[in-house]
Amino acid sequence: MAPPRSKRVRFATVVLLTVLLPLCIWRLIKTPTNAAFRSSLSSGTMVHQGVFKKDPDFKTYSKVAADTSSSLKESTYPQPFSISRFIKDGKDFPDLCKGPVGLPKARPVKKLDLTTFGPFEFLDNYRNPCWYTDDSTPELQCLPYFYQAGFPKCGSTYLYQLLCKHPDVAFTKKEPHWLTRIRFRNPSAGIKPYLSRYTKPLQRNPRKTSLVVGDASASTLFENKLWYLFPGNGNCSEPRILTVDYIRHLNPGVKTIVILRNPTSRLFSQYKYYKLQIKGLKSNREEFHEWAKEQVKLITDCFNEFGIRRCAYNATFTRQESCRAIIGIYYVYIQDWLLRFPRDQIYIVRLDDLSVNVTGEMTKIFAFLELVSAKRANVGTLSQTFGPILPATKSLLDDFYRPFNRRLAQLLGDEHFSWEDH
C-alpha cells in the first residue's frame with residue numbers, strides 16, 4: 001500500500017530542502033557583495049588579474065572624460081607586433097611583460113597556443129580559405145571566410161540572418177564561441193573541431209566552390225577572459241596577446257563585420273534579457289536605475305585606479321551576470337583589432353543604420369565581402385524599441401558612455417558613432 005499523500009509531500013519537501021538549501025547557502029557565500037567587490041579593486045584580488053599596481057601607462061577615466069578631443073595618436077595602447085616573431089624553433093613564448101607577477105596557479109598553457117597551426121596555403125579554386133592536409137590521405141580543411149563580431153544585443157542575429165540569405169553564404173551555427181570559450185574545455189583536441197565546423201558545408205557542396213562560411217560569435221571581438229593562459233602573457237597584469245592575434249596568424253587576410261548599437265540601449269536590452277530569459281524574473285525601471293548607478297561607480301573606480309584597458313579585459317566585469325556594462329566602451333576592443341588588422345579588413349555598421357536601410361547597408365556589406373549583391377532578404381524588420389527607461393537612468397548612462405563614444409567616433413572618423421544625435 002502506498003503511504004498517505006501527506007507523508008509523500010513531507011518526504012518530497014525534506015528531499016528538496018536537503019538538496020537545495022546547501023546550494024543556496026553556498027551561492028550566498030560565493031557571491032561577493034558590492035562592498036567586497038570594491039574592496040577587491042584596491043587589494044588586487046580581482047579575477048584573473050594577479051597583483052595590481054598603479055599603472056602610469058594608461059590614462060585614467062577622469063582624464064579621458066575631461067579630454068575627449070585629444071588625438072588618438074597619443075593613445076598608450078600596446079604597439080602592434082607580429083606574433084610570429086616570438087616563435088623560434090618551437091620554443092616557448094618569452095614573457096612580454098616584466099611584471100607584476102600574475103596568479104601563481106594561472107600559468108600560460110602551451111596547448112592553447114594556436115600559432116602552432118599553420119601557416120596554410122589556401123586553394124585557388126575555393127573562395128573560402130581551404131587547404132588539404134599534407135599526409136598520406138589528404139583531407140580538406142577550412143577556416144571561416146569572415147567573422148561577424150560585435151557585442152550582445154546589438155542586432156547580430158538579425159544581421160547573420162541577412163548574410164545567410166545570400167546564395168553564396170552557407171549557414172552554420174551562429175555562435176560557436178570556440179575561439180573564446182569552447183577550446184579551453186579541451187585544449188588537447190587542438191584546432192580540428194573548429195575547422196570541421198567550416199569544412200562540412202563545403203564538403204556537402206563540392207561543386208559550389210564560390211560558397212563561403214562565417215563565424216558569427218559576438219564574443220570574438222571583446223571576450224578574452226582567459227587571456228592569462230595564452231603563452232606570452234606571463235607576468236602581465238593585462239593582455240598583450242589576444243584572441244585576435246591568433247585569428248590574424250591563422251588567416252591574415254580575413255575580413256570582419258562589426259555591428260554596434262548605442263551602448264545605453266544595448267545595456268538596458270541585455271539587462272532585461274538576462275533578468276527574464278536567464279533568471280526568469282521581471283525587471284522594473286527603478287531596479288535597473290539602482291543597478292546602473294552601482295555599475296557606473298564600480299567601473300569608474302576601477303578605471304581611476306587601474307586604467308581603462310586593464311579593467312575592460314577583466315573577467316569580473318565581462319561575465320554574463322554583470323550584464324557587461326563595461327563592454328559598451330567599444331573603442332577599447334576595436335582599437336586592439338585595428339592594431340592587428342588594416343581598416344579595410346574591418347567593416348563597422350551601426351544597428352541604427354541597418355534597421356532603417358537594410359538594402360543599402362547589406363549592399364555595402366556584400367561588396368565588402370566581395371560577394372555579388374543579392375536581392376533584399378525577406379527576414380522582416382527589426383525594431384529598436386526596448387521599453388521605457390527612466391530619464392534619470394538614460395542621462396546617467398549617456399553621461400558615462402559619452403567620452404568613450406567620442407573616442408570611438410575619432411578612431412573611426414565618423415561622428416555618427418558618438419550617438420549624440422540619438
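Residues numbered from 1 in each chain as written. Predicted model: local features only at pLDDT ≥ 70, side-chain atom pairs only at ≥ 80, totals over all residues. Heavy atoms only, no water.

Trainee: Which residues make up the overall build of the chain, and what are the values?
Mentor: For the chain, the count of helices and strands is 15 helices and 6 strands. Considering the chain as a whole, with its 422 residues, one finds that 52% of them fall into the buried category. In the chain, the proportion of contacts linking residues at least 24 apart, taken out of those at least 6 apart, comes to 74%. As displayed, the chain offers around 20800 Å² of accessible surface, 55% of which is attributable to carbon and sulfur atoms. (Helix = DSSP H or I, 4+ residues; strand = E, 2+ residues; numbered from the N terminus. Buried < 20%, exposed > 50% of the residue type's maximum accessible area, 1.4 Å probe, protein only. Contact = heavy atoms within 4.5 Å. Areas by Shrake-Rupley, 256 points an atom, 1.4 Å probe, with all protein chains shown as cover.)

Trainee: Give me helix H12 (residues 330-338): which residues, what numbers.
Mentor: Of all the 9 residues making up H12, 8 are buried; the element is thus mostly covered by neighbouring parts of the structure. Along H12, the residues classified as buried are Tyr-330, Tyr-331, Val-332, Tyr-333, Ile-334, Gln-335, Asp-336 and Trp-337.

Trainee: Lay out the environment of Leu-354 in plain terms, naming residues and giving numbers.
Mentor: Within the secondary structure, Leu-354 is located in helix H13 (residues 351-356). With 196 residues separating them in the primary sequence, Leu-354 and Tyr-158 have C-alpha atoms 9.7 Å apart. With near-sequence residues (within four places) excluded, Leu-354 lies in contact with Tyr-158, Leu-159, Leu-162, Ile-259, Val-349, Glu-361 and Met-362.

Trainee: Tell me what's going on with the confidence of the model for the chain, and back it up with residues and numbers.
Mentor: Caution applies to low-pLDDT regions: their predicted coordinates should not be interpreted in detail. Scored by pLDDT, the chain has a mean of 77; 68% of the residues are at 70 or more. The low-confidence segment residues 25-91 (pLDDT under 50) makes 129 contacts with residues lying over four places distant or belonging to another chain. (pLDDT = per-residue confidence, 0-100.)

Trainee: Tell me about the pattern of salt bridges, and name the residues and values.
Mentor: With the rule as written, the count across this model stands at 20 salt bridges. With its nearest N and O atoms 3.9 Å apart, the salt bridge here joins Lys-192 to Glu-139. Residue Lys-192 is located in helix H5 (residues 192-203), and its partner Glu-139 is located in the loop between strand S1 (130-132) and strand S2 (140-142); the two are separated by 53 residues in the primary sequence. Take Lys-192: its relative accessible area is 47%, and that puts it in the partly exposed class. Given a relative accessible area of 34%, Glu-139 falls into the partly exposed group. Here Glu-238 ties to Arg-240 by a salt bridge, and the two come within 3.5 Å at their closest N and O atoms. On the basis of relative accessible area, Glu-238 is assigned to the buried category, the value being 1%. (Salt bridge = Lys/Arg side-chain N within 4 Å of Asp/Glu carboxyl O.)

Trainee: How would you summarise the sheet that holds strand S4 (residues 214-215) if you had to cite specific residues and measurements?
Mentor: Reading across from one edge, S4-S3-S5-S6 is the order of the 4 strands in this open sheet, with parallel pairing throughout. This sheet does not close on itself; its edge strands, each paired only once, are S4 and strand S6 (346-350). Here 5 bridges tie strand S3 (residues 146-150) to strand S5 (residues 255-260), and the two strands are oriented parallel to one another. Within S5, the position partnered with Gln-148 by the bridge is Ile-257. Where helix H14 (residues 358-368) meets the sheet, it contacts S5 and S6, and its direction lies at approximately 170° from that of S6. (Pairing = 2+ DSSP bridges. Axes fitted to C-alpha atoms, helices over the stretch in contact; angles between N-to-C directions.)

Trainee: Requested: an account of the packing of aromatic side chains, with residues and values cited.
Mentor: Tallied over the full model, the rule gives 25 aromatic pairs. Look at Phe-184 and Phe-230: their rings are 6.1 Å apart centre to centre, the planes differ by 15°, and that puts the pair in the stacked class. Taken together, the positions of Phe-184 in the loop between helix H4 (156-164) and H5 and Phe-230 in the loop between helix H6 (219-222) and helix H7 (243-250) put the pair 46 residues apart, joining distant regions of the chain. Assigned by exposure class, Phe-184 and Phe-230 land together as buried. Ring centres 5.1 Å apart and planes at 75° place the aromatic pair Tyr-194 and Tyr-198 in the edge-to-face group. Here Tyr-198 and Tyr-194 lie together in helix H5, a separation of 4 residues that amounts to about one turn. The same class applies to Tyr-194 as to Tyr-198, namely buried. (Phe/Tyr/Trp six-rings, centres within 6.5 Å; stacked < 30°, edge-to-face > 60°.)

Trainee: Give a detailed account of the pairing of S5, specifying residues and quantitative values.
Mentor: A large share of S5 lies buried, amounting to 6 of its 6 residues. The sheet contact formed by S5 and S6 spans 5 bridges and is parallel. Residue pairing across strands places Thr-256 opposite Ile-346, the latter belonging to S6.

Trainee: Tell me about unusual backbone geometry, and please be specific about residues and values.
Mentor: Residue Pro-119 is bonded to the preceding Gly-118 through a cis peptide linkage, with omega at 0°. Among the structural elements, Pro-119 can be located in the loop between helix H3 (61-66) and S1. Backbone geometry at Lys-153 places phi at a positive 65°, although glycine is not the residue there. Topologically, Lys-153 is positioned in the loop between S3 and H4.

Trainee: Which residues make up the pairing of S6, and what are the values?
Mentor: The buried fraction of S6 amounts to 5 of the 5 residues, a majority that puts the element mostly inside the structure. Going residue by residue along S6, you find Ile-346, Ile-348 and Arg-350 tucked away on one face and Tyr-347 and Val-349 tucked away on the opposite face as well.

Trainee: Account for the nonpolar core, with residues named and values stated.
Mentor: By size, the foremost hydrophobic cluster in this structure holds 108 residues, and its most contacted members are Leu-260, Ile-329 and Tyr-333. It is helix H9 (residues 285-306) that provides the largest number of residues to this core, a total of 9 residues. Setting aside residues up to four positions removed in sequence, Tyr-333 forms contacts with Phe-151, Leu-221, Phe-222, Ala-312, Tyr-313, Thr-318, Ile-326 and Ile-327. (Core = buried A, V, L, I, M, F, W, Y, C linked by side-chain atoms within 4.5 Å.)

Trainee: Any chance you could break down the state of the cysteines for me, citing the residues and the numbers?
Mentor: Scanning the entire structure with this criterion turns up 2 disulfides. With its sulfur 2.0 Å from that of its partner, Cys-302 forms a disulfide with Cys-311. One disulfide, between Cys-302 and Cys-311, carries an S-S torsion of -95° and so falls in the left-handed class. Neither Cys-302 nor Cys-311 differs from the other in exposure class; each is buried. (Disulfide = S-S within 2.5 Å.)

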